[in-house]
Amino acid sequence: MAGLVHPPGTLSPRKVKTLLTLLQNEPLDKLGKLWARSLRPGMSAEDFVGVTMEHLMHKEQYGACLQEDEEQLRKYCPYKWIQDLMPDGDAESQFGCSGLEDGHPPSITEKEDPALTMLPLKWVETITSVDQESTNKDARVFMTTFRAFMTPANLLSALVQRFFYPARSPKDLEALHSIRLKLLNILKIWTGDFETDFLASKSLRKLVEEFLHFIQSEYSRGVIRNLATSILCKLEKSVYPQKWTKVNPSDTPAPVAPNMMTSSSMLPSGGVSFDLFVTPSIPFLFGNGVDGFNAFYYISPVEIARQLTLVDFDLFKRIRSFEWLEKRFSHKNRKLLSPWICKMVDRFNILTSHVSYAVLAPKSPTARAVVLQHWIRIAASCHEMNNFSSLYSIFCGLNSTPVYRLKETWGLINKTFIEVFEVLAVLFAPQKNSINFRMSMQACPLPAIPHIGLFLKDLTFMEDGNQTVTDGGQVNLLKMKKVHAVIETARRYQRSVFAFPKVEAIQDFIKCFSLHERDALYDLSYVREPRTKRK
């Protein structure tokens, strides 16, 4: 037992000798598992495996023993696709012995090299290596962006191949345990934060479940089995959509009464029921019912802002991480590649168009002024709720040329509303890459809905002129890290929740807003306030 390290309070030499006697006919792979489960607190892997090898076989027989164990594993593996991914005998694995060699693989956190690249499989090896520089953040960068250069099926194949780490020396047995733990951590991130991959593909989900069952069959106990079991249970219980922050029902505010706008002399004080304005027999306030001002404007601006926020967030929270990648949102098949981003963009454009039309619809300047003030109130409420999507959309509608040119209409509204509009104009000023808008979004507390146009602009800038995969097949890691930062920011907003009660009637009406042609809005604007002839 020479060379055995025996710290106080750990396994005694007698117990070690008894274990070695019992395991003389067992393959060394099982000895490695036994050490990982029970002997690690008492001695190093190198010492234990070295002593074991002295009792079982000399060094030349070591590789033959491992090969025999691999053949037995292949023989009894119930899943053929896993068998096909196991290494064949003397064949070299595409994964090396990372972290134990003299040259460690580079970490993606390095900033010295402006053109840091790595092959996809090498990146998988890096994030599952025993190298301490490979962090959990590195793994999340990979999992967020891997769809830009490989498919989920290819990733699963790479993880399974990585599971069969080529143990060619005693040190490799120590690395094997750490590698498999990091590999399971990758699966934990995948199934936990990106579970829509498995909800969209039943075949992928089945393969992952089979792989986890295989790991359970290989480990009767220990941390690896427990982690595999935990991931499997979570995968089996996963439901769509993502899990959001729980809300205390007592924190949910009550809907605002519909007659809150009685401060305006043009509105009746009796109030209107929530479902009245969606019926065909809506009484109009002006003229004979064709002046464009209906019961929607009897509703509190605060309540309208709440329902706009719920409608926006219902779309925003469904955006999946891969929809941001490779400019899928601007592809000719974008509605298939980035469906929820496209729906969010459509909602923004429809609301902008509707706001412009709503102001232009009334025939009289006085009626248009009331509608204009109402939408400024709604915009102010959206700002208080940190709904930057609807806020910017409403501002774009009010700031559009067909509305902004209505000098007579703007001259009739209260100065307070003019000041609010001017504050919004400063907030959304395009100077310095919309720095005011960006800083306001970054500083606001959650929950919040960002304007995804800023994200799309940043991602487009990153994609233009920067290859994801070089001609040599290597991934641009620095680009992937920057893309991950944008996507992770969006995911941070998605994990929040708005505790507003849903009012079906208002939301139904909001969802009925339609897109109006820009030329038609211009024509209507000139009808409402014709050009003044120059003298």
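Data block above holds the structure.
A quick note: this is a predicted structure, and the numbers were derived from the prediction, not measured.

Caption draft 1: How the structure looks around the pattern of salt bridges. All told, the structure shown has 16 salt bridges when counted by the stated rule. Glu-326 is the salt-bridge partner of Lys-479, the closest N and O atoms lying 4.0 Å from each other. Within this pair, whereas Lys-479 is found in helix α23 (residues 477-494), its partner Glu-326 is found in the loop between α13 (301-316) and α14 (334-337), the two being separated by 153 residues in sequence. With a relative accessible area of 6%, Lys-479 lands in the buried category. With relative accessibility at 32%, the residue Glu-326 sits in the partly exposed group.

Caption draft 2: Structural view of the nonpolar core. Membership of the largest hydrophobic core comes to 121 residues, with the highest contact counts inside it found for Trp-123, Phe-142, Trp-190, Phe-211, Trp-324, Trp-375 and Ile-394. Among residues more than four places away in sequence, those in contact with Trp-190 are Met-143, Phe-146, Pro-152, Leu-155, Leu-156, Leu-159, Glu-195, Asp-197, Phe-198 and Leu-204.

Caption draft 3: Layout of unusual backbone geometry. Here the bond from Leu-446 into Pro-447 is cis, since omega is 0°, no more than 30 degrees from zero. Mapped onto the secondary structure, Pro-447 falls in the loop between α21 (431-443) and α22 (452-463). Residues other than glycine seldom take positive phi values, yet Asn-386 does so here, at roughly 60°. Within the secondary structure, Asn-386 is located in the loop between α16 (365-384) and α17 (388-399). The phi dihedral of Asn-433 falls on the positive side, at around 55°, and the residue is not glycine. In this structure, Asn-433 sits in helix α21. A residue is classified by how much of its surface remains accessible, and Asn-433, at 36% relative accessible area, is partly exposed.

What counts, and at which threshold
Residues numbered from 1 in each chain as written. Predicted model: local features only at pLDDT ≥ 70, side-chain atom pairs only at ≥ 80, totals over all residues. Heavy atoms only, no water. Salt bridge = Lys/Arg side-chain N within 4 Å of Asp/Glu carboxyl O. Helix = DSSP H or I, 4+ residues; strand = E, 2+ residues; numbered from the N terminus. Buried < 20%, exposed > 50% of the residue type's maximum accessible area, 1.4 Å probe, protein only. Core = buried A, V, L, I, M, F, W, Y, C linked by side-chain atoms within 4.5 Å. Contact = heavy atoms within 4.5 Å.

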